[in-house]
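A structural walkthrough
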Amino acid sequence: MHRSSDSIASLAAALAKAQMALSNPEKSLTDILPQFADITLEHCREALLVGMAEQRAEVADIVGSDDAPTFENTVVALERSGRLLSRVSLAFFGTSSSLATDAMQALEEEYAPTLTAHGDAVRLDPRLYALIRAVHDDAAAMAALDPESRRLVERHLTEMTA
């Protein structure tokens with residue numbers, strides 16, 4: 001495995017382990033949190049790129065499906081997409097807020113437009129919008145959802161049209 005892939009995998013594994021450990025009341029925060037001192041700028045740079053690519057692939061799978069759009073295969077799948085990017089972003093922005101070095105701030109400035117463009121590409125994807133609109137417009141399916149799930153569909157639709 002490539003060295004940067006190893007460090008991304010290590011970072012993702014540490015964050016996943018921390019996330020699982022949060023539910024264990026016997027663990028302290030020092031047992032759970034990733035070792036931020038070990039995270040380098042290169043780890044962040046590579047992990048952000050991999051996280052964005054992974055989410056793009058997950059969204060491509062959603063919009064490329066031949067199945068009729070449903071709450072599960074569209075909205076739930078979209079909610080689950082980008083898990084690596086979410087974990088990496090939490091670590092990156094947590095680190096950058098506590099380690100405001102020139103290099104870290106430069107990396108933030110470098111990736112802010114990239115992350116914004118990535119989020120826009122997901123929210124403004126007309127194929128994804130059409131799928132979420134179809135889920136929303138299926139009155140029987142929407143009526144069968146619990147209030148939280150209906151609100152989630154409406155929130156996604158609103159975010160994509162606002």
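This text follows the structure it describes.
From a predicted model like this one, the values you see are computed outputs, not experimental measurements.

Scanning the protein chain from terminus to terminus reveals 9 helices and 0 strands. Ordered by position from the N terminus, the helices and strands of the protein chain form the series α-α-α-α-α-α-α-α-α. A fraction of 72% describes how many contacts in the protein chain between residues 6 or more apart in sequence connect residues 24 or more apart. A total accessible area of about 9,700 Å² is found for the protein chain, and carbon and sulfur atoms account for 56% of it.

Looking now at helix H6 (residues 102–123). Between the first and last C-alpha of H6 there are 31 Å, a value that for 22 residues agrees with the 32 Å anticipated at 1.5 Å per step. The largest bend along H6 measures about 35 degrees and falls at Tyr111, with the proline Pro113 one to four residues further on. Taken together, the buried positions of H6 are occupied by Met104, Leu107, Tyr111, Leu115, His118, Gly119 and Val122. Considering only its buried residues, H6 is in contact with helix H3 (41–63), helix H4 (71–80), helix H5 (83–98), helix H7 (126–137) and helix H9 (147–161).

Moving on: the packing of H3 against H7. When two helices pack together, their arrangement is given by the angle between the helix axes and the distance between those axes. Axis separation between H3 and H7 bottoms out at 9 Å; the angle between their running directions is 55 degrees. When the interaxial angle is binned, H3 and H7 end up oblique. Note that H3 runs across H7; the crossing there is left-handed. Together, Val59, Ile62 and Val63 of H3 and Arg127, Leu128 and Leu131 of H7 make up the contact between the two elements.

Time to look at the nonpolar core. Leu48, Met52, Phe92, Tyr111 and Leu115 are the most contacted members of the largest nonpolar core, which totals 14 residues. Listing elements by their share of this core, those giving two or more residues are H3, H5 and H6. For this core, the leading source of residues is H5, giving 5 residues. Excluding its chain neighbours within four sequence positions, the residues that come into contact with Tyr111 are Arg45, Leu48, Leu49 and Met52. In this structure, Val63, Leu78, Leu131 and Met160 belong to the second largest nonpolar core, which totals 10 residues.

Here the focus is the layout of surface pockets. Size it by volume and the largest pocket reaches roughly 450 Å³. What lines the largest pocket is a set of 19 residues, among which Gln55, Ser81, Gly119, Val122 and Arg123 lie closest to the centre. Where the lining of the largest pocket is concerned, the elements lending two or more residues are H4, H5, H6 and H9. In terms of residue count, the dominant contributor to the lining of the largest pocket is H6 (5 residues).

Here the focus is the side chain of His118. Its location among the elements puts His118 in helix H6. Accessibility expressed as a relative area gives 6% for His118, which makes it buried. Excluding anything up to four places from it in sequence, His118 contacts Met52, Gln55, Arg56 and Leu85.

Scanning the model with the defined rule gives 6 salt bridges in all. For Arg45, the salt bridge goes to Glu110, with nearest N and O atoms at 3.1 Å. With Arg45 in helix H3 and Glu110 in helix H6, the pair connects residues that are 65 residues apart, well separated along the chain. Looking at Glu110, the relative accessible area reads 40%, which means it is partly exposed. The partner of Arg133 in a salt bridge is Asp137, and the shortest N-O contact between them spans 3.3 Å.

Conventions and cut-offs
All residue numbers here refer to positions counted from 1 along the written sequence of the relevant chain. Thresholds applied to this predicted model are a pLDDT of at least 70 for local features of residues and 80 or more for the giving and counting of side-chain atom pairs; totals over whole chains, interfaces and linings are not thresholded and use all residues. To get the side-chain values, all heavy atoms of the structure are used, and hydrogens and water are removed first. To qualify as a helix, a DSSP run of H or I must reach at least 4 residues; to qualify as a strand, a run of E must reach at least 2; elements of each kind are numbered from the N terminus. The contact criterion used throughout is that any non-hydrogen atoms of two residues lie within 4.5 Å. A 1.4 Å probe and the Shrake-Rupley method give the accessible areas. Residues count as covered only by the protein chains that appear here. The span one expects for a helix is its residue count, reduced by one, times 1.5 Å. At any given residue, the bend is defined as the angle formed between two axes, one fitted to the seven residues that end at that position and one fitted to the seven that begin there. The buried label goes to any residue with under 20% of its type's maximum accessible area, the exposed label to any with over 50%, and the partly exposed label to all in between, with areas taken from a 1.4 Å probe on protein chains only. To obtain an axis, a line is fitted to C-alpha atoms, over the contacting stretch when the element is a helix, and the angle between two such axes runs from 0 to 180 degrees between their N-to-C directions. Roughly parallel here means an angle under 35 degrees, roughly antiparallel means over 145, roughly perpendicular means 65 to 115, and every remaining angle is called oblique. Handedness of a helix crossing follows the sense of rotation of the near helix relative to the far helix, less than a right angle counterclockwise being left-handed and clockwise being right-handed. By nonpolar core is meant a set of buried Ala, Val, Leu, Ile, Met, Phe, Trp, Tyr and Cys residues that side-chain atoms within 4.5 Å join together. Only protein atoms enter the calculation, which uses a 1 Å grid: trapped sets of points that fit a 1.4 Å probe without letting it out are cavities, open sets showing protein on both sides within 12 Å along at least five of seven lines are pockets, and any residue with an atom within 4 Å of a point is a lining residue. Grid points are joined across faces, edges and corners, and a volume is the space filled by probe spheres set on the points. For this analysis, a salt bridge means a side-chain nitrogen from Lys or Arg found within 4 Å of a carboxyl oxygen belonging to Asp or Glu.

Keep in mind these values describe shape, not function.
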